[in-house]
Amino acid sequence: MNVNAGRNDLLGQSPKSPNLPVALLHPHTSGSGWTGCVRRGAGVAKAGMTQVDPLQIGRFSFGSRLIVGTGKYKDVEETRAALEASGAEVITVALRRVDLKDRAAGSLMSLLLEQRWTLLPNTAGCYTADEAVRTLRLARELGIGEIVKLEVIGDAKTLYPDNEQTLEAAKVLVKEGFTVLPYCIDDPIICKKLADVGCAAVMPLAAPIGSGLGIRNPYNLRIILENSSVPVIVDAGVGTASDAAIAMELGCHGILMNTAIAGAQRPILMAEAMREAVSAGRKAFLAGRMPKRLYANASSPEAGLIE
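Residues numbered from 1 in each chain as written. Predicted model: local features only at pLDDT ≥ 70, side-chain atom pairs only at ≥ 80, totals over all residues. Heavy atoms only, no water.

A. How the structure looks around helix α11 (residues 267-287). Spanning 21 residues, α11 covers 30 Å between terminal C-alpha atoms, matching the ideal 30 Å at 1.5 Å per step. Restricting attention to buried positions, one finds in α11 the residues P267, M270, A271, M274, A277, V278, G281, R282, F285 and L286. Buried residues in α11, looked at end-on, bunch into an arc of 160°, giving them a common side. Looking one or two residues past α11, G288 carries a phi angle of roughly 85°, positive in sign. (Helix = DSSP H or I, 4+ residues; strand = E, 2+ residues; numbered from the N terminus. Expected span 1.5 Å × (residues − 1). Buried < 20%, exposed > 50% of the residue type's maximum accessible area, 1.4 Å probe, protein only. Arc of directions from axis to C-beta.)

See below:
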């Protein structure tokens, strides 16, 4: 594994070897396991990103790499408008904070069940593995629990995840056939353990949930990316479009956000900005940025100057 390649990229330098770590390349999957990849700059522009560069999570494939939450909006109509502006194909809903049985016209569940999006039920508010597992089993009984976000909180103030409880719950859920996306600390060790037990992706935080602090530790994300056998999706901490672009430029495969959009002064406009930032960041990653230099380098030819 070429660890220096990730470090050099982070500093704006091109890696010496063109063979980037597998986790930084686009996965093409067939059944289980990664069967191939696309290197940076490999014919992306002609057909359009969504056609040749899908986000593959287990057996699910999505054109958008942005996953959006459904909480904190002022009403259902604003929620709808933000979801549409974001271009997201996957939206997440907190099972313990929504009345799942209220499917009357105008309710949040009536919107979510329009079959326009893939629902990603999450276990926000769960503090033990047992709570999380029981909550997702309920989602499956309601017909919305095939692909799930696992969230087991360890501290009520920081909302940091409990790694041990998350890993315990993940083992159970994977065995029961769920496609599991676990929210976790940006720790390469726990990310590897979660992937090893069968999670379809890992979702390390960039900063505490709802903080908007942005990408606080890009170096940890790089290490996670270089060593991960599954997609890496940044979950929590993004505050504005530049944060999303940075995460994608690092090589992250997707981003999940809620407060960054719902908490903006103009949520619908921010949703649109996030859509464009995620797309731009992904394209920039695949294109490969120029190396940074200490001194100037003329952009026009230096030879053959007119005397």
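B. Looking closely at the packing of helix α5 (residues 129-141) against helix α6 (residues 163-175). Between α5 and α6, the shortest axis-to-axis distance is 8 Å and the interhelical angle comes to 35°. As α5 packs across α6, the resulting crossing turns out to be right-handed. Along its contact with α5, which presents A129, V133, L136 and R137, the element α6 presents Q165, E168, A169, V172 and L173. In terms of residue class, the contact of α5 with α6 is built from 6 nonpolar, 1 polar and 2 charged. (Axes fitted to C-alpha atoms, helices over the stretch in contact; angles between N-to-C directions. Left-handed = near helix turned anticlockwise from the far one by under 90°. Contact = heavy atoms within 4.5 Å. Nonpolar A, V, L, I, M, F, W, Y, C, P; charged D, E, K, R; others polar.)

C. Examining the nonpolar core more closely. By size, the foremost hydrophobic cluster in this structure holds 68 residues, and its most contacted members are I255, M257, I261 and M274. The biggest single contributor to this core is helix α9 (residues 241-250), with 6 residues. In this structure, M274 is in contact with L66, V238, G239, T240, A241, A244, M257, A260 and I261, ignoring residues within four places of it in sequence. Counting 14 residues, the second largest nonpolar core, distinct from the first, contains V90, L181, A200 and M203. (Core = buried A, V, L, I, M, F, W, Y, C linked by side-chain atoms within 4.5 Å.)

D. The pairing of strand β12 (residues 254-257), seen in detail. Where burial is concerned, the two faces of β12 agree: the one with G254 and L256 and the one with I255 and M257 are both buried. Looking at chain direction, strand β5 (residues 66-69) and β12 are connected through 3 bridges and run parallel. Bridging across to β12, V68 finds its partner in M257. Across 3 bridges, the pairing between strand β11 (residues 233-235) and β12 is parallel. Residue V234 lies in a different strand from β12, and its bridge partner there is I255. At this point the chain moves from β11, through α9, to the parallel β12, and the crossover so formed is right-handed. (Pairing = 2+ DSSP bridges. Right-handed = clockwise from strand over helix to strand, strands pointing away.)

E. A look at the packing of aromatic side chains. Tallied over the entire structure, the rule returns 1 aromatic pair. An angle of 5° between the planes, with centres 6.3 Å apart, marks the rings of F60 and F62 as stacked. In this structure, F60 and F62 share a single accessibility class: buried. Sitting over the ring of F178, R140 keeps its end group 3.7 Å from the ring centre. Geometry around Y183 places K149 over its ring, the cationic atom sitting 5.5 Å from the centre. (Phe/Tyr/Trp six-rings, centres within 6.5 Å; stacked < 30°, edge-to-face > 60°. Lys NZ or Arg CZ within 6 Å of the ring centre and 35° of its normal.)

F. Representation of empty space enclosed by the protein in the model. The final tally for this structure, using the stated rule, is 2 cavities of 30 Å³ or more. In this structure, the largest cavity occupies an estimated 40 Å³ of space. P188, C191, K192, A195, I224, N227 and S228 together form the lining of the largest cavity. Elements represented by at least two residues in the lining of the largest cavity include exactly α7 (188-196) and α8 (218-227). Broken down by element, the lining of the largest cavity gets its largest block of residues, 4 residues, from α7. (1 Å grid on protein atoms, 1.4 Å probe; cavity = no way out; pocket = protein on both sides within 12 Å on 5 of 7 lines; lining within 4 Å. Points joined across faces, edges and corners; volume = space filled by probe spheres on them.)

G. Seen up close, the environment of Y160. Mapped onto the elements of the fold, Y160 is located in the loop between β8 (147-150) and α6. The class of Y160 is partly exposed, set by a relative accessible area of 27%. On a C-alpha basis, the gap between Y160 and I185 in space is 7.1 Å, while along the polypeptide they are 25 residues apart. Setting aside chain neighbours within four positions, we find Y160 in contact with I153, G154, D155, Y183, I185, L205, P208 and R216.

H. Quick peek at the pattern of salt bridges. If you walk through the whole model with that rule in mind, you get 13 salt bridges. Among the salt bridges present, the one from D53 reaches R65, with a minimum N-O distance of 3.2 Å. You can see D53 sitting in the loop between α2 (49-52) and β3 (55-57) and its partner R65 sitting in the loop between β4 (60-62) and β5, a full 12 residues away along the chain. R65 matches D53 in its accessibility class, with the two residues each being buried. (Salt bridge = Lys/Arg side-chain N within 4 Å of Asp/Glu carboxyl O.)

I. The arrangement of the layout of surface pockets in detail. In this structure, the largest pocket encloses a volume near 690 Å³. In this structure, the largest pocket is lined by 39 residues; those nearest its centre are K72, R97, I209, N258 and T259. Put simply, the parts of the chain that give the lining of the largest pocket at least two residues each are α3 (76-86), β6 (90-94), β12 and α10 (259-262). If you tally residues by element for the lining of the largest pocket, the top one is β6, at 3 residues.

Fair warning: the whole summary comes from geometry, so function is off the table for now.
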